[in-house]
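What follows is each chain in one-letter form.
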Amino acid sequence: MKYKKLGRSGLNVSRICLGTMNFGSGTSKEESFKIMDAALDAGVNFFDTANNYGFLSNNQGITEKIMGEWFAQGGGRREKVVLATKVHEDMFDPNDGPNSEPGLSIYKIRRHFEASLKRLQTDHVELFYMHHIDRSVTPEEMWPAFERLFNQGLIDYVGTSNFPAWQLARYQGEAKMRHFIGTVVEQDKYNLMERRPEMELLPAVEGLGLGFTPWSPMNGGLLAGDEGRNDPLKRGGLNEQTMKQIEAYSKLCKEAGIKEAHMALAWLLADERVTSPMVGPGTVAQFEDTLKAVEIELTPDILEELDRIFPGPGESPENYGW
């Protein structure tokens, strides 16, 4: 099978979102700085973080602190970056009291946003995500917290992450009634092995006119080749059917002459519904290698074979009775 190799274009590269979850956990501050510098040099300026990143090493907030120190170096770093952070998770702050548990209370949104600004050493963020939905808080109660931040010029836009489709519609309906812009983007797990968003979430995103920024394009490394599947716990959790799919995927990538990690990312870039797929490199070398995926244009026969190996669920039926 053949594929087209394109010249690297600023447009394609700029679609990549730099995920920072590893910063301060598996990736040192020095290497994190190098990755962010390399991203800007390459034309990647959309940086995604969250207030609780660092949780992988039980050090919530460290990722934002590292990014803040990187911004503080100057050189137009902050001005060049479209910055996104998130709120919802437990920051293990005793002053949060009953609001320490994951959620989206007005009190928590205000306090945690203020803390994020301090760690990030900035006076605003371009995009502020609800990291997860809080089913105990209604849109009527929640939207005023984000409206205040918006009206004060502290945030430019609001995003949602890991929201079900029906809740997106509910939240957008309430925002419209309040004459507020509401959310502009949904972030969710989506890749060749996790295609359930195609049933209802992606149609909802399209219908509501939202952007879509998928995370985990390699499905935790399972789509990144043998080096991404060397964790016994990952392999041990795979059933026989999934192993057959991965073997067929590896074979296809070899026949096409494309690295598995590049194939997985190129598949997302080929989807017009995807605004900006997120990558989470741990080293500069990983980041630079990842960018090679933007040079690849998958041909229809490859896309068809990927659908055969990893069949999507299809959209939800209009009538469940048929």
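**Observations concerning the overall build of the protein**
Helix and strand counts for the protein come out as 13 helices and 10 strands. Whereas a compact globule of 322 residues would reach a radius of gyration of roughly 20 Å, the protein reaches 20 Å, a difference of no more than 12%. Along the longest, intermediate and shortest principal axes, the C-alpha atoms of the protein span 55 × 55 × 40 Å. By the burial criterion, 53% of the 322 residues in the protein qualify as buried. Within the protein, residue pairs in contact and separated by at least 24 positions form 76% of the contacts whose partners lie at least 6 positions apart. Total accessible area computed for the protein in this model is approximately 15100 Å², and 51% of it derives from carbon and sulfur atoms. In the protein, 35 positive and 47 negative side-chain charges are present, and the distance between their average locations comes to 3 Å.

**Side note on a nonpolar patch on the surface**
On the surface, a nonpolar cluster with roughly 250 Å² of combined accessible area is contributed by M21, F55 and L56. Mapped onto the elements of the fold, F55 is located in the loop between β3 (46-48) and α3 (62-71).

**Here's the deal with the side chain of Q167**
Position of Q167 among the secondary structure elements: in helix α7 (residues 165-177). Overall, the relative accessible area of 3% leaves Q167 in the buried class. Q167 has contacts with I133 and R135, leaving out every residue within four places of it along the chain.

**Some points on unusual backbone geometry**
Where the residue is not glycine, phi is negative for most of them; where a peptide bond is considered, it is trans in most cases. Phi is positive for N58, close to 55°, though the residue is something other than glycine. As for its placement among the helices and strands, N58 is situated in the loop between β3 and α3. Unusually for a residue other than glycine, S216 sits at a positive phi of about 60°. Among the structural elements, S216 can be located in the loop between β8 (211-212) and α9 (232-236).

**Here we look at the sheet that holds strand β4 (residues 82-87)**
Pairing in this open sheet of eight strands is parallel, and the strands run β8-β7-β6-β5-β4-β3-β2-β9 from one edge to the other. Unpaired on one side and paired on the other, β8 and β9 (278-279) mark the two borders of the sheet. Bridging between strand β5 (residues 125-130) and strand β6 (residues 155-161) involves five bridges; their strand directions are parallel. Bridged to Y129 within β6 is G159.

**Observations regarding the packing of aromatic side chains**
Scanning the entire structure with this criterion turns up 13 aromatic pairs. On the numbers, 6.4 Å between centres and 50° between planes, the contact of Y53 with F55 is tilted. The class for Y53 is buried, based on a relative accessible area of 5%. Its relative accessible area of 30% is what places F55 among the partly exposed residues. Positioned above the aromatic ring of F71 is the side chain of R78, whose terminal nitrogen or guanidinium carbon lies 5.4 Å from the ring centre.

Scoring rules and cut-offs
Residues numbered from 1 in each chain as written. Predicted model: local features only at pLDDT ≥ 70, side-chain atom pairs only at ≥ 80, totals over all residues. Heavy atoms only, no water. Helix = DSSP H or I, 4+ residues; strand = E, 2+ residues; numbered from the N terminus. Rg over C-alpha atoms; globule rule 2.2 N^0.38 Å. Buried < 20%, exposed > 50% of the residue type's maximum accessible area, 1.4 Å probe, protein only. Contact = heavy atoms within 4.5 Å. Areas by Shrake-Rupley, 256 points an atom, 1.4 Å probe, with all protein chains shown as cover. Lys, Arg positive; Asp, Glu negative; His and termini not counted. Charge placed at Lys NZ, Arg CZ, Asp CG, Glu CD. Patch = residues over 30% accessible without salt bridge, like charges linked within 9 Å, V, L, I, M, F, W, Y side chains within 5 Å. Salt bridge = Lys/Arg side-chain N within 4 Å of Asp/Glu carboxyl O. Pairing = 2+ DSSP bridges. Phe/Tyr/Trp six-rings, centres within 6.5 Å; stacked < 30°, edge-to-face > 60°. Lys NZ or Arg CZ within 6 Å of the ring centre and 35° of its normal.

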